[in-house]
Amino acid sequence: GTQDVSLSVPQIFHRAEEQFARKQILSLGVGPDDSISYADWTVRVRRLIRALHVLDIESGESVATFCWNTQAHLELYYSLPCSGCIIHPVNVRLSRDEIEYEIRDAPDVAIFVDRSLIGACLGAISRRCHVEPKQGFRLFYGGVCSMWVC
């Protein structure tokens, strides 16, 4: 039969929290924090949801991510929709021209970037802000608000 309720990211998040708290999430080969329980992960996702509000990223706004497939990106992948934001994952395997097009033409108010990928998108972000400045567009990398781009 059909479901009475449509499936959404917040529902998946709550199910993971309730059903899999003791299971582990593995991010192989990315550093010392490559294993975390779902219970600890949900705490981190909720902390990131609060941080988004502190950073004035509001429900309904689009936020880009330019990250490898890691635990940190998984946290973003859930915290953004759970806070009401629209997630715009930019594919790290695109060419520089394609990355620039995605970043330049999207309605994003912020972008979260993996520290190792900052060089691949910084030019695109600066060109976007030069051509069409968007009030308050922000760049975040390494878990810290690093700079205000425009």
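As shown above, the structure is provided for reference.
Position labels on residues start from 1 in each chain and follow its written sequence. Two thresholds apply to this predicted model, a pLDDT of at least 70 for residue-level local features and 80 or more for giving and counting side-chain atom pairs, whereas whole-chain, interface and lining totals are computed over all residues. Working from all heavy atoms in the structure, the side-chain values ignore hydrogens and water.

Re the overall build of the protein chain
Item 1. Runs of H or I in DSSP of at least four residues are treated as helices and runs of E of at least two as strands, each being numbered from the N terminus. A count of helices and strands for the protein chain gives five helices and seven strands.
Item 2. Going from the N terminus to the C terminus, the protein chain shows its helices and strands as α-β-β-α-β-α-β-α-β-α-β-β.
Item 3. Exposure is judged per residue with a 1.4 Å probe applied to protein chains only, and the accessible area is read against the type maximum: over 50% gives exposed, under 20% gives buried, and values in between give partly exposed. Per-residue burial over the protein chain gives 37% buried out of 150 residues.
Item 4. Long-range contacts, defined here as pairs at least 24 residues apart, represent 62% of the contacts in the protein chain between residues at least 6 apart.
Item 5. For the accessible areas, the method is Shrake-Rupley and the probe is 1.4 Å, while residue cover comes only from the protein chains on display. For the protein chain, the exposed surface amounts to about 9000 Å²; the carbon and sulfur share of it is 52%. When checking whether two residues touch, look at their non-hydrogen atoms; a contact exists if any pair is within 4.5 Å.

Some points on the packing of helix α1 (residues 9–19) against helix α2 (residues 38–54)
Item 1. Helix axes use the C-alpha atoms of the stretch in contact, all axes being lines fitted to C-alpha atoms, and the angles between their N-to-C directions lie in the range 0 to 180 degrees. Where α1 contacts α2, the axes come no closer than 8 Å and their chain directions differ by 140 degrees. Here α1 lies oblique to α2, going by the angle between them. Along this stretch, α1 crosses α2, giving a crossing that reads as left-handed. Residues F13, H14, A16 and E17 of α1 form the contact with α2, whose participating residues are Y38, W41, T42, V45 and R46.
Item 2. Throughout this entry, Asp, Glu, Lys and Arg are counted as charged residues, while Ala, Val, Leu, Ile, Met, Phe, Trp, Tyr, Cys and Pro are counted as nonpolar. The remaining residues, Gly among them, count as polar. Among the residues making up the contact of α1 with α2, the classes are represented as five nonpolar, two polar and two charged. Convention used here: angles under 35 degrees read as roughly parallel, angles over 145 as roughly antiparallel, angles from 65 to 115 as roughly perpendicular, and any remaining angle as oblique. Note on convention: the crossing is left-handed when the near helix lies turned anticlockwise from the far helix by less than a right angle, right-handed when the turn is clockwise.

Brief notes about helix α3 (residues 71–82)
Item 1. Every helix has an expected span of 1.5 Å times one less than the residues it contains. In a regular helix each residue adds 1.5 Å, so twelve residues correspond to 16 Å; α3 covers 16 Å between its end C-alpha atoms and thus fits that length.
Item 2. Considered for burial, the residues of α3 that qualify are Q71, H73, E75, L76, Y78, S79, L80 and P81.
Item 3. Check the buried side of α3 and you find it contacts α1, β2 (35–37), α2, β3 (62–66), β4 (86–89) and β5 (108–113).

Remarks on the packing of α1 against α3
Item 1. Packing of α1 against α3 leaves a shortest axis separation of 8 Å and a crossing angle of 120 degrees. As far as their axial angle goes, α3 and α1 are oblique. The two elements α1 and α3 meet at a crossing, and its hand is left-handed. Side by side, α1 and α3 meet where V9, P10, I12 and F13 of the first sit next to Y77, Y78, P81 and C82 of the second.
Item 2. When its residues are assigned to classes, the contact of α1 with α3 shows eight nonpolar, no polar and no charged.

Here's the deal with helix α4 (residues 96–105)
Item 1. Of the positions making up α4, those classed as buried are I99, E100 and I103. Buried residues of α4, seen end-on, are gathered within an arc of 100 degrees and therefore sit on one face of the element. Away from its buried face, by an angle of more than 90 degrees, α4 presents the exposed residues D97 and Y101. When we speak of the arc, we mean the arc of directions from the helix axis to the C-beta atoms.

Structural notes on unusual backbone geometry
Item 1. Look at D56: it is not a glycine, yet its phi comes out positive at around 60 degrees.
Item 2. In this structure, D56 sits in the loop between α2 and β3.
Item 3. Look at D56 and you get exposed, because its relative accessible area is 55%.

Topic: the packing of aromatic side chains
Item 1. Side-chain rings of Phe, Tyr and Trp (the six-membered ring for Trp) are treated as a pair once their centres are within 6.5 Å; stacked means planes under 30 degrees apart, edge-to-face means over 60, and tilted covers the remaining angles. Across all of its chains, the model carries six aromatic pairs by this definition.
Item 2. Taking 6.2 Å as the distance between ring centres and 50 degrees as the angle between the ring planes, the aromatic pair formed by F20 and Y38 counts as tilted. Taken together, the positions of F20 in the loop between α1 and β1 (24–26) and Y38 in helix α2 put the pair 18 residues apart, joining distant regions of the chain.
Item 3. Taking the relative accessible area as the measure of exposure, F20 reaches 33% and is therefore partly exposed.
Item 4. Residues W41 and Y78 carry aromatic rings whose centres are separated by 5.0 Å and whose planes lie at 80 degrees to one another, so their mutual orientation is edge-to-face. One end of the pair, W41, is in helix α2; the other, Y78, is in helix α3, and 37 residues separate them in sequence.

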